[in-house]
Amino acid sequence: MNDRAGLPPGLAKKDRLPPGLERQLQRNGTLPPGLQKRALRLPASCEARLPSLPNDWVRVAVSGRVILLNSRERIVDLFWLDRD
């Protein structure tokens, strides 16, 4: 999965987000507008292996993380994708 496709060249080459965006990715926070546009839903094959969620919750991938969003688009939890 390549979620760096729409990034400016300087950010596309980095493994991490700029510090300001990193700080905004916290539990009970929301995704900044620029990251909302790049958030990709997890493929059905991944979702099938994970516990079910409440109907209006969603898992998305953003910059190397899986983020669990509730119905208000608040970050409930987040973790790094295993890149090995």
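Structural data are supplied above this passage.
Definitions and limits used
- Residues numbered from 1 in each chain as written.
- Predicted model: local features only at pLDDT ≥ 70, side-chain atom pairs only at ≥ 80, totals over all residues.
- Heavy atoms only, no water.
- Core = buried A, V, L, I, M, F, W, Y, C linked by side-chain atoms within 4.5 Å.
- Buried < 20%, exposed > 50% of the residue type's maximum accessible area, 1.4 Å probe, protein only.
- Helix = DSSP H or I, 4+ residues; strand = E, 2+ residues; numbered from the N terminus.
- Contact = heavy atoms within 4.5 Å.
- Pairing = 2+ DSSP bridges.

Visitor: I'd love a proper account of the nonpolar core, names of residues and values included.
Guide: Leu25, Leu31, Leu35, Val58, Val60, Val62, Ile67, Leu69, Ile75 and Leu78 together form the largest nonpolar core, which totals 10 residues. Listed by contribution, the elements that provide at least two residues to this core are strand S2 (58–62), strand S3 (65–69) and strand S4 (75–80). Considering each element in turn, this core owes the most residues, 3 residues, to S2. Here Leu31 is in contact with Leu25, Gln36, Ala39, Ile67, Leu69, Glu73 and Ile75, once residues within four sequence places are set aside.

Visitor: Any details on the sheet that holds S4? Residues and values, ideally.
Guide: The pairing of strands in a sheet happens through backbone hydrogen bonds and is either parallel or antiparallel. The sheet built from 4 strands is open, its strands ordered S1-S2-S3-S4 with antiparallel pairing. With partners counted over all chains shown, the strands left at the sheet margins are strand S1 (40–41) and S4, one partner each. Where S2 lies against S3, 5 bridges are found, and the strand directions are antiparallel. Considered in S3, the bridge of Val60 is made with Ile67.

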